[in-house]
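Now for the letters of each chain:
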Amino acid sequence: MKLIVVTPAGRERYLRLLSHHVLKSPEVHEWHLWDNCRNEADRAYLQRLAASDPRCKIKTLPSADGSIDVIGRFFRFCDDADALYLRLDDDVVFLEEGFLPRFKERAVSEKGSALWYAPLIINNAVCNTLIKNFSRVLIDGPLTCQAMCPYSWAHASFPEALHPVFIEAARTNRLGDFRVPDREVRLGRFSINAIGFFGSEVLELGELFYPPGNDEEEWLSATLPAKLDRPGKIFGDLVAAHFSFFTQEQRLLQTGILDDYYALAGLPAPAYDKPVVRTRLKDRLRPWRKPRNRGPDYRISLPASSRG
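Residues numbered from 1 in each chain as written. Predicted model: local features only at pLDDT ≥ 70, side-chain atom pairs only at ≥ 80, totals over all residues. Heavy atoms only, no water.

Turning our eyes to something else, we now look at the overall build of the chain. In terms of helices and strands, the chain carries 10 helices and 11 strands. Over its C-alpha trace the chain gives a radius of gyration of 19 Å, about what one expects of a compact globule, namely 19 Å for 308 residues. Summarising its shape, the C-alpha atoms of the chain cover approximately 60 × 45 × 35 Å along the three principal directions. For the chain, the proportion of its 308 residues judged to be buried stands at 56%. (Helix = DSSP H or I, 4+ residues; strand = E, 2+ residues; numbered from the N terminus. Rg over C-alpha atoms; globule rule 2.2 N^0.38 Å. Buried < 20%, exposed > 50% of the residue type's maximum accessible area, 1.4 Å probe, protein only.)

In C-alpha cells:
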C-alpha cells in the first residue's frame, strides 16, 4: 500500500523543516502539496520544493487564497484506492525517527477499526489532556479535553512551556515519557494537525466523505464519525509535534522555539520575520503585573527518572 502525505501548504518557514522529515523517508510514495499559499514568496518556495524531489506534486484550486475555508475542497484529490493518506499541517515541526513506516504499519494493521488515525500530537488540545493524565510528563496548569480549549488552545502560554520540554526529551532520548495508551475519539472535535485515512474508504463513502461546508475539521473529526458510528483513533506510542494554532503563532514566533526544532533536526534555521513585541505603557510601568490575555501559567517537566 502506498503512503501519500498531503499538506495544506504552505509557509516556507515551516515547510523547510517539514520537508526534512517527510522527504528523508523512502516510505513516502508521494507528497501532495495543496497550494493554499498566502503570498507569492511562499508560492515560489513551494515550486522550488516540488522541483527538488519527483515525489512532490502540487495540487491547485482556483479559489485557494490562504484561508482555511478552502482546505476541505482539496480532499477530492485523495482518490487513490491503494493509498493510505497522511494529512500533515505545514507547521508540523517534528516526526520521531521511523515515524512514517511505523504509522503506516499501525494504520494498515487496524484498517476498518476507525475512520481516521492520528499520532499523539504535541500541542493539540485533546492530546495535551492525554499527556497530562496518562503520560509520565508532569503538567501543572489548567487543561480541558476540547479541541478549542480555552486555556491551551486559546493562548500561547501552554505550548511556550511544553515545546522546550518536548525538545529536551527528544534530544535526550526520553520520548517514552510522553507516550500514552491508544485512545478512541468519539463525539468531539479533534484538531486534525496530523491524521491518516484510506483512499479506498474515501471512494467507498463518495460524496459523504467530503466536507459539505467550510469547516473540514468539524466534519471529518466529529460529524462524519458520529454519522457512521466509527471513531477516530490516536496512536499513543507515535509522536509528532505541531508548532502553533493561529491563536498562538505570533507569540511563539517571538521565541526561539522554531529555531530549536530546526537545530533538533540538524538544520540551520531559515531567516524569517519575527513579530515585534509590543508592550503596553501600563505593562511597562507595572512590570510585576501579568500581561493581559497572556493565558494561564504552566509548570511542565519530565519526571526525575525515566524508565525508557
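Don't stop here, the text continues.
Here we come to the packing of helix α1 (residues 12-23) against helix α9 (residues 257-264). Orientation of α1 relative to α9, taken along the N-to-C sense of each, is 20°, at an axis distance of 10 Å. In this view, α1 runs roughly parallel relative to α9, as classed from their interaxial angle. Of the two possible hands of crossing, α1 and α9 adopt the one that is left-handed. Across the interface between the two elements, E12, R13, Y14, R16 and L17 of α1 pack against L258, Y261 and Y262 of α9. (Axes fitted to C-alpha atoms, helices over the stretch in contact; angles between N-to-C directions. Parallel < 35°, antiparallel > 145°, perpendicular 65-115°, else oblique. Left-handed = near helix turned anticlockwise from the far one by under 90°. Contact = heavy atoms within 4.5 Å.)

This part is about the pairing of strand β4 (residues 83-88). In terms of burial, β4 is largely enclosed, as 6 of its 6 residues are buried. Side-chain alternation along β4 places A83, Y85 and R87 on one buried face and L84, L86 and L88 on a second face that is also buried. Here 5 bridges tie β4 to strand β9 (residues 194-198), and the two strands are oriented antiparallel to one another. Of the residues in β9, the one forming a bridge with L84 is F198. (Pairing = 2+ DSSP bridges.)

Now for the side chain of Q248. As for its placement among the helices and strands, Q248 is situated in the loop between β10 (232-242) and α8 (249-253). What makes Q248 buried here is its relative accessible area of 0%. Of note is the side chain of Q248, whose polar atom sits 3.3 Å from the backbone oxygen of W153. (Polar contact = N/O pair within 3.5 Å; in protein donor to acceptor, adjacent residues only side chain to side chain.)

Most of β9 is tucked away, with 5 of its 5 residues classed as buried. On β9, burial covers both faces: A194, G196 and F198 on one face and I195 and F197 on the other are all buried.

Overall, the coordinates contain 19 aromatic pairs when judged by the stated rule. Taken together, a centroid distance of 5.9 Å and an interplanar angle of 90° make the contact between F209 and Y210 edge-to-face. Accessibility assignment for this pair places F209 and Y210 in one class, buried. Among the aromatic residues, ring-to-ring pairing joins W34, F74, F75, F77, Y85, F197, F209 and Y210 into one connected group. Here the guanidinium or amino end of K111 rests over the ring plane of F198, the centre of that ring lying 5.0 Å away. When the ring centre of F134 is taken as origin, the NZ or CZ atom of R183, which lies over that ring, is 4.7 Å away. (Phe/Tyr/Trp six-rings, centres within 6.5 Å; stacked < 30°, edge-to-face > 60°. Lys NZ or Arg CZ within 6 Å of the ring centre and 35° of its normal.)

In the structure shown here, the tally under the stated rule is 33 salt bridges. The closest approach of N and O atoms between R186 and D229, which form a salt bridge, is 3.5 Å. Residue R186 is found in the loop between β8 (183-185) and β9, and its partner D229 is found in the loop between α7 (216-228) and β10; the two are separated by 43 residues along the sequence. Between R189 and D215 there is a salt bridge, with its nearest N and O atoms 2.8 Å apart. (Salt bridge = Lys/Arg side-chain N within 4 Å of Asp/Glu carboxyl O.)

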